[in-house]
Amino acid sequence: SDKSYDISFANSPYSLKGEDFTKGNETARVKIVEFADFQCPACAVTSKLLGQIYNSYSDNVQVVFRNYPLDQECNKSINRKFHQHACLVAALARCAGRYGKFWEYHDLAFSKQGILSKPVAIGWAKDVGLNETQINDCLNDKSILDKIKYDISEAASLGVTGTPTIFINGKKFTGNRRLLEQVVQSLLVAR
C-alpha cells in the first residue's frame, strides 16, 4: 500500500522511552527507519546495504535503528521459540549505546550473528569497551527492556510482522532490498 506513516523517533535519551540510535543528518531529505532483529540473517544483509547508502549520501540521509526482536522473551507476538537471544542482543546494543558504542556493537553483532549465545553477546559488549559493572547495571535496568517493548508495540501499530521492515520517509518499502539505493537516489533527485 502507499500509506504513509509519520514515524516519530527520539534523538535524546530523555524523550519517549529512550533514545533511538541514528546515523546521518537530522535535517536529511531522506529518513530511513529500520525495524530489525540482530539474529535475522536478512537484517544483517540489509544493515550492510544501509551502511553503504549512509556512506554514499550521509549529508542527505538519516538512518534510524528500531528494535523488533523475533524472540518471545520480549515480543509477545512471537508464540514459539525462535531467535532466542534477540532480546538480549537488542538490550546489549542499547547498553553499548549508552556509552556511545551502539553502532560498533550493531556492526559486530550483525557480522558475527552465526555464533550467538548469551556469553558471546556479552563478550561483544566487552569487545566494544563496556565493563562487567556497566553490562550488569544495564541488563538490570528495566528502562532498556521498556524501550525495546515500546519499539515492538510501535512496530505492530505500523503493521510490522517481520524483519527487516524499512520505512523511507514514512512509506513502507516493499521492494527488493537491492533497489533500496535506487529509491533513495530517486527521492534525492526529486524536488
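That block above? That's the structure.
These figures come from a predicted structure and were not determined experimentally.

**Some words on the state of the cysteines**
- Applying the stated criterion across every chain, the model contains two disulfides.
- Put simply, Cys74 and Cys87 are joined by a disulfide, and their sulfur atoms are 2.0 Å apart. Between Cys74 and Cys87, the disulfide has an S-S torsion of -85° and is therefore left-handed. Highlighted residues: Cys74 in the loop between strand 3 (61–67) and helix 2 (86–98) and Cys87 in helix 2, separated in sequence by 13 residues. Each of the two residues, Cys74 as well as Cys87, counts as buried.
- Paired by a disulfide, Cys95 and Cys138 hold their sulfur atoms 2.2 Å apart. Handedness of the Cys95-Cys138 disulfide follows from its S-S torsion of about -115°: it is left-handed. One end of the pair, Cys95, is in helix 2; the other, Cys138, is in helix 5 (residues 132–139), with 43 residues separating them in the sequence. Summarising the burial analysis for this pair, Cys95 and Cys138 share the class buried.

**Things to note about the sheet that holds strand 5 (residues 171–173)**
- In spatial order, the strands read 1-3-2-4-5; together these five strands make up an open sheet with mixed pairing. Edge positions in the sheet fall to strand 1 (21–24) and strand 5, since each of these pairs with one other strand and no more. On average, each strand axis in the sheet is tilted by 25° relative to the strand beside it, whichever way the strands run.
- Here strand 4 (residues 165–168) runs beside strand 5; their pairing, made up of three bridges, is antiparallel. Residue Phe167 lies in a different strand from strand 5, and its bridge partner there is Lys172.

**Re the packing of aromatic side chains**
- With the rule as written, the count across this model stands at seven aromatic pairs.
- Ring pairing ties together the aromatic residues Phe21, Phe38, Phe65, Phe102, Trp103 and Phe110, which thus form one cluster.
- It is Lys23 that lies over the ring of Trp103; its NZ or CZ is 4.4 Å from the centre.
- When the ring centre of Phe82 is taken as origin, the NZ or CZ atom of Arg80, which lies over that ring, is 4.5 Å away.

**Details of the pairing of strand 2 (residues 30–36)**
- Of all seven residues in strand 2, six are buried; the element is thus mostly enclosed.
- Inspection of the sheet shows strand 2 paired to strand 3 by seven bridges, in the parallel sense. Directly across from Val33, in strand 3, lies its bridge partner Val64.
- One crossover worth recording links strand 2 to the parallel strand 3 by way of helix 1 (residues 41–57), and it is right-handed.
- The pairing of strand 2 with strand 4 spans four bridges and is classified as antiparallel. Across the sheet, residue Phe35 finds its bridge partner in strand 4, namely Thr165.

The rules behind these values
Residues numbered from 1 in each chain as written. Predicted model: local features only at pLDDT ≥ 70, side-chain atom pairs only at ≥ 80, totals over all residues. Heavy atoms only, no water. Disulfide = S-S within 2.5 Å. Helix = DSSP H or I, 4+ residues; strand = E, 2+ residues; numbered from the N terminus. Buried < 20%, exposed > 50% of the residue type's maximum accessible area, 1.4 Å probe, protein only. Pairing = 2+ DSSP bridges. Axes fitted to C-alpha atoms, helices over the stretch in contact; angles between N-to-C directions. Phe/Tyr/Trp six-rings, centres within 6.5 Å; stacked < 30°, edge-to-face > 60°. Lys NZ or Arg CZ within 6 Å of the ring centre and 35° of its normal. Right-handed = clockwise from strand over helix to strand, strands pointing away.

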